[in-house]
Amino acid sequence: MSVLFPKVNKPREWDYRPIYYDKDKEARKEKLARLQHGDLREEFERHRTEQQRKQRRNLWLWIGVLAAVAIVYYLLR
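The sections below set out a description of the structure shown in this document. As a convention, each chain's residues are numbered from 1 in the sequence order in which they are written. In view of the model being predicted, local features appear only for residues whose pLDDT reaches at least 70, and side-chain atom pairs are presented and counted only at 80 or more, with totals across whole chains, interfaces and linings using the full set of residues. To obtain the side-chain values, all non-hydrogen atoms of the structure were included, while hydrogens and water were left out.

## Here's the deal with the overall build of the protein
The number of helices and strands found in the protein is two helices and zero strands. For this measure, only C-alpha atoms enter the radius of gyration; the expected value for a globule follows 2.2 Å times N^0.38, where N is the number of residues. The C-alpha radius of gyration of the protein comes to 31 Å, more than 25% above the 11 Å expected for a compact globule of 77 residues. With the C-alpha coordinates of the protein rotated into their principal frame, the extents come out at 100 × 45 × 20 Å. Evaluated residue by residue, the protein yields a buried proportion of 1% over its 77 residues. In these tables, accessible area is a Shrake-Rupley quantity obtained with a 1.4 Å probe, and a residue counts as shielded only by the protein chains included in the view. Summing over all exposed atoms, the protein offers an accessible surface of approximately 8800 Å²; the carbon and sulfur share of this is 60%. His is not counted, nor are the chain ends, whereas Lys and Arg count as positive and Asp and Glu as negative. Note on charges: their place is set at NZ of Lys, CZ of Arg, CG of Asp or CD of Glu. Placing the 18 positive and 11 negative side-chain charges of the protein at their respective mean positions leaves the two points 6 Å apart. Under the scheme used here, helices are H or I runs from DSSP no shorter than 4 residues and strands are E runs no shorter than 2 residues, and both carry numbers assigned from the N terminus. Exposure is judged per residue with a 1.4 Å probe applied to protein chains only, and the accessible area is read against the type maximum: over 50% gives exposed, under 20% gives buried, and values in between give partly exposed.

Structure follows, in structure tokens:
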């Protein structure tokens, strides 16, 4: 020990981090729990039908755009 500068322990610092609710994180945890309990087939079917719906929507969108371009081209020609 030093006579001029005695060692004094610092008080413990307050280290508080509040826990915030994260809806996405909770949904991921719930999805993982469902998949671990055997709902893998249902999840696969739901995902596949969503993809098919998106592909069908995109197809009709492109058909509409091409039809509109064809009509405009025909009218301006």
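## Thoughts on a nonpolar patch on the surface
Every patch collects residues that have over 30% relative accessible area and no salt bridge, joining them within 9 Å if they carry like charges and within 5 Å if they are nonpolar side chains (Val, Leu, Ile, Met, Phe, Trp, Tyr). Within this document, salt bridges are pairs made up of a side-chain nitrogen of Lys or Arg and a carboxyl oxygen of Asp or Glu, the two lying within 4 Å of each other. On the surface, a nonpolar cluster with roughly 540 Å² of combined accessible area is contributed by L61, W62, V65, L66 and V69. Secondary-structure assignment places W62 in helix α2 (residues 40-76).

## Structural notes on the environment of E43
When you line up the elements, E43 lands in helix α2. Along the primary structure E43 and K31 are separated by twelve residues, whereas in three dimensions their C-alpha atoms are 9.1 Å apart. Apart from the residues within four sequence positions on either side, E43 is in contact with K31, R34 and L35. Any pair of residues with heavy atoms lying within 4.5 Å of one another is described as a contacting pair.

## Structural notes on the environment of G64
Tracing the sequence through the fold places G64 in helix α2. Exposure remark for G64: the relative accessible area of 37% places this residue in the partly exposed category. Put simply, G64 and K29 are 35 residues apart on the chain and 40 Å apart in space, counted from C-alpha to C-alpha.

## Describing the environment of Y21
Within the secondary structure, Y21 is located in the segment before α1 (23-36). You can call Y21 exposed: its relative accessible area is 64%. Separated by twelve residues in sequence, Y21 and A33 place their C-alpha atoms 18 Å apart.

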